[in-house]
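Residues per chain, in single letters:
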Amino acid sequence: MKTFSLALIRFLFFFFAFGVSLYALQYFNFRTDTNILSSKPADLSAQWPWRIGFYGHITAGILALCIGPFQFLRKFRAKNLPLHRRFGKIYVLAILAGSICAFYAALFANEGIIAQTGFMGLAVAWFYTTLRAYQTIRKGDLPGHKRWMVRSYACTMAAVTLRIWLPLGMVGFHFSFHDTYRAVAWLCWVPNLFVAEWLIYSKKFEY
């Protein structure tokens, strides 16, 4: 039963990571009349700084989402340590750059200051947890590196939990899109970090 549960968790881990990544690829048709882009002012979406911020954080998110699950596989890491390290470098560089892009894009988030500060907070947490993961492994602190990687990927998974909370708030709780979006700007990542801390200190997540 334990083996089956672990296999199911891993399957869902990969399923959501790659599923959301595939979904995000639609933005690279560079059309401004689809999804969230259609709600942005035309003059904003035409500006290069905003476009770099928007597409930069999406690119980083896709890379981090797809790399992350492999980094947590103990057997894969043991058999492919050089690849694990290369993936790790890509993961870190993508997020350190992508979080800066995300912070800039968050300044223009829909639904005002509540949503904007929520997404800016996520960008800061994404940057900090990933930087700490890099710093700890550079110092040879493997346990610390693992703990910070769990926190970092919890922030990365905000891309997934956002897409769970958003329809849940509107369909399940019948909130308006505007209220749900403001709440989700915080719900997509703050609970993730609480779960990460529980996993770390309850020792229920070993990798």
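Going by the structure above, here's the rest.
All of these numbers come straight from a predicted model, not from anything done at the bench.

Engineer: Explain the nonpolar core to me, please; I cannot follow it from the model alone.
Structural biologist: One recurring pattern in soluble globular proteins is that nonpolar side chains are buried together. With 40 residues, the main nonpolar core has Leu65, Tyr91, Phe119, Tyr153, Cys188 and Trp189 as its most contacted residues. For this core, the secondary-structure elements that each account for two or more residues are α1 (2-24), α3 (48-71), α5 (81-106), α6 (112-138), α7 (142-156), α8 (158-172), α9 (177-187) and α10 (190-201). Here this core takes seven residues from α6, the largest share from any one element. With sequence-adjacent residues up to four places away left out, Trp189 is seen in contact with Gly118, Gly121, Leu122, Ala125 and Ala158. Counting nine residues, the second-largest nonpolar core is a separate cluster that includes Tyr55, Ile58, Ile62 and Cys66.

Engineer: How do you make sense of α10 when you look at a structure like this?
Structural biologist: Helical geometry note: an α-helix holds 3.6 residues per turn, so side chains three or four residues apart project in the same direction. With twelve residues, α10 ought to run about 16 Å at 1.5 Å a step, and its terminal C-alpha atoms sit 17 Å apart, in line with that. The elements touched by buried residues of α10 are α6, α7, α8 and α9.

Engineer: Is there a simple way to explain the environment of Phe13 in this structure?
Structural biologist: Within the secondary structure layout, Phe13 lies in helix α1. Among all residues touching Phe13, those that are not within four sequence positions of it are Pro69, Phe72, Tyr153 and Met157.

Engineer: How do you make sense of the side chain of Thr129 when you look at a structure like this?
Structural biologist: With respect to the helices, strands and loops of the structure, Thr129 is situated in helix α6. Under the relative-accessibility criterion, Thr129 is labelled buried at 5%. In terms of polar contacts, Thr129 uses its side chain to reach the backbone carbonyl oxygen of Trp126, at 3.4 Å. Look past the residues within four positions of Thr129 in its chain and what remains in contact with it is Trp148, Arg151, Ser152 and Cys155.

Engineer: Just to check I follow, could you spell out unusual backbone geometry for this structure?
Structural biologist: Its identity as a non-glycine residue notwithstanding, Glu111 has a phi of 75°, on the positive side. Assignment of secondary structure puts Glu111 in the loop between α5 and α6. One non-glycine residue, His174, lies in the positive phi region at around 60°. Position of His174 among the secondary structure elements: in the loop between α8 and α9. Accessibility expressed as a relative area gives 68% for His174, which makes it exposed.

What counts, and where the lines are drawn
- Each residue is numbered by its place in its chain's sequence as written, counting from 1.
- The model is predicted, so local features are restricted to residues of pLDDT at least 70 and side-chain atom pairs to those at 80 or more, both for listing and for counting; the totals for chains, interfaces and linings are taken over all residues.
- The side-chain figures draw on all heavy atoms in the structure; neither hydrogens nor water molecules are used.
- We define the nonpolar core as a collection of buried residues of types Ala, Val, Leu, Ile, Met, Phe, Trp, Tyr and Cys that are connected through side-chain atoms lying within 4.5 Å of one another.
- Exposure is judged per residue with a 1.4 Å probe applied to protein chains only, and the accessible area is read against the type maximum: over 50% gives exposed, under 20% gives buried, and values in between give partly exposed.
- Helix and strand definitions follow DSSP, with helices as H or I runs of at least four residues and strands as E runs of at least two, each counted in order from the N terminus.
- Whether two residues touch is decided by their heavy atoms; if any such pair falls within 4.5 Å, the residues are in contact.
- Take the number of residues in a helix, subtract one, and multiply by 1.5 Å to get its expected span.
- Definition of a polar contact: a pair of N or O atoms within 3.5 Å, with one able to donate and the other able to accept a hydrogen when the atoms are protein atoms, and with sequence-neighbouring residues admitted only if both atoms are side-chain atoms.

Just distances and angles here, no functional claims.
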